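Residue strings, one per chain:
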Amino acid sequence: MESRVVRPFPTPLSRQDEAPSLGLTRRMRRNRKADWSRRLVRESALTTDDLIWPIFLMDSSEARSPVEWMPGVDRLNIDEAVRQAAEAAALGIPAIAPFPFVDKALRDPTGSEALNTGNLMCRAVRAIKREVPGIGIICDAALDPYTSHGHDGVMEGERVLNDASVQILVGQALALADAGADVIAPSDMMDGRIGAIRAALDGDGHEDVQIMAYAAKYASAFYGPFRDAIGTNATLVGDKRTYQMDPANSDEAIAEVMLDLEEGADMVMIKPGLPYLDVVARVKDHFRVPTFAYQVSGEYAMIMAAANNGWLDGDKAMLESLLAFKRAGADGVLTYFAPRVAKKLKAGA
Ligand SMILES: NCc1[nH]cc(CCC(=O)O)c1CC(=O)O
Ligand SMILES: [Mg+2]
């Protein structure tokens, strides 16, 4: 025999209005009832002023070449980078962050090409500064694009040396500052590099060059597509866990940020972004200094892959992911979506 369940208050969907009131004092949905009200109570906002656009450079007669693992992202030659910088400036994007794909023949164990004042980065920075003086140029300091082993510093056997690497990074930073970099952004995670670079910049008449420290940079699987973009994926020997942070740690991020600020960092960065929003929030709460997050290549690739499969609304996922950084307390975000989002915001998204 079938048993039947008899509900005490059957409320068919069509008669929801007749349900007895719950007598709630506070109904959170009231403020959400209309667009004007949602806008009125909104706590954070994403604007074009929050965007830093990372771009990839190459030495080539071709204007562009696609980065396979980052759909929609191309490596640019210098002329094209200048055009793109001009377009970014016209959109109101405050700054770009160029990264070089260095010819394999120029890579060596000590990354000596990083010190060549005529290298791809320095030439591009000079050209962009000359043609598009109003846009900020944030230059990564690290040796990985230049080393044959793909590490951010120099090696002795299996070890990545700290102090010897810092000495070379200082030279790299000076070359970039001479070329016209507005901001040096050390991403190498060597200890003491912020202080050493600050002292060298000041000693060389570059007191106004800012430092954005990749202060809490984690040894992350989400950098994969970036390593395709700059061609270090095939060459990287081992991993970066002896200098980049353990993804399990958060107190340690506070110590890293504290040291970089003490050494003279003007701005700090947390990287990757979305999986580390707790760290972004903690760092901002703790130090109240300009705090940035990097929505890295793997985060970009995930959204693009799903969007291109029709599994996510790409525009909505892009905007939501970037707003989340603002809610967490970030002052700005490095994102490969920068021009696309700037166009969206301009159109009133
Ligand atoms: N020092 C290199 C550097 N600078 C920025 C990124 C990653 C950016 C991204 O994934 O978008 C990396 C890669 C790495 O540390 O291996
Ligand atoms: Mg550090």
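Residues numbered from 1 in each chain as written. Chains lettered and ligands numbered in written order. Predicted model: local features only at pLDDT ≥ 70, side-chain atom pairs only at ≥ 80, totals over all residues. Heavy atoms only, no water.

A.B. asks: Got a sec to walk through the side chain of Arg-193? Specific residues and values, please.
C.D. replies: Within the fold, Arg-193 resides in helix α5 (residues 193–203). On the basis of relative accessibility, which here comes to 1%, the residue Arg-193 falls in the buried class. Residues contacting Arg-193, with those up to four places away along its chain left out, are Val-166, Leu-169, Pro-186, Ser-187, Asp-188, Tyr-214, Asp-260 and Glu-263. (Helix = DSSP H or I, 4+ residues; strand = E, 2+ residues; numbered from the N terminus. Buried < 20%, exposed > 50% of the residue type's maximum accessible area, 1.4 Å probe, protein only. Contact = heavy atoms within 4.5 Å.)

A.B. asks: Which residues make up the site of ligand 1, and what values do they have?
C.D. replies: What surrounds ligand 1 is a group of 18 residues, the closest being Ser-187, Arg-227, Lys-271, Ser-297 and Tyr-336. With respect to ligand 1, the side chain of Ser-187 contributes an N or O atom lying 2.7 Å from a nitrogen atom. Between ligand 1 and the protein, one listed contact pairs a nitrogen atom with a side-chain N or O atom of Lys-271 at 3.4 Å. Protein coverage of the free-state accessible area of ligand 1, which is 400 Å², stands at 100%. Under a 2 Å grid-point criterion requiring more than half of the atoms, the pocket assigned to ligand 1 is the largest cavity. For the shell around ligand 1, the residue count by class is 8 nonpolar, 3 polar and 7 charged. (Near = heavy atom within 4 Å. Polar contact = N/O pair within 3.5 Å; in protein donor to acceptor, adjacent residues only side chain to side chain. Areas by Shrake-Rupley, 256 points an atom, 1.4 Å probe, with all protein chains shown as cover. 1 Å grid on protein atoms, 1.4 Å probe; cavity = no way out; pocket = protein on both sides within 12 Å on 5 of 7 lines; lining within 4 Å. Sits in = over half its atoms within 2 Å of the grid points. Nonpolar A, V, L, I, M, F, W, Y, C, P; charged D, E, K, R; others polar.)

A.B. asks: Outline the layout of surface pockets, supporting the account with residue identities and numerical values.
C.D. replies: The volume enclosed by the largest pocket comes to roughly 400 Å³. What lines the largest pocket is a set of 14 residues, and nearest its centre among them are Arg-32, Arg-38, Val-41, Arg-42 and Glu-43. Where the lining of the largest pocket is concerned, the elements lending two or more residues are α1 (35–41) and α10 (314–328). Class assignment of the residues belonging to the lining of the largest pocket gives a composition of 4 nonpolar, 2 polar and 8 charged. (Points joined across faces, edges and corners; volume = space filled by probe spheres on them.)

Just geometry here; none of it tells us what the structure is for.
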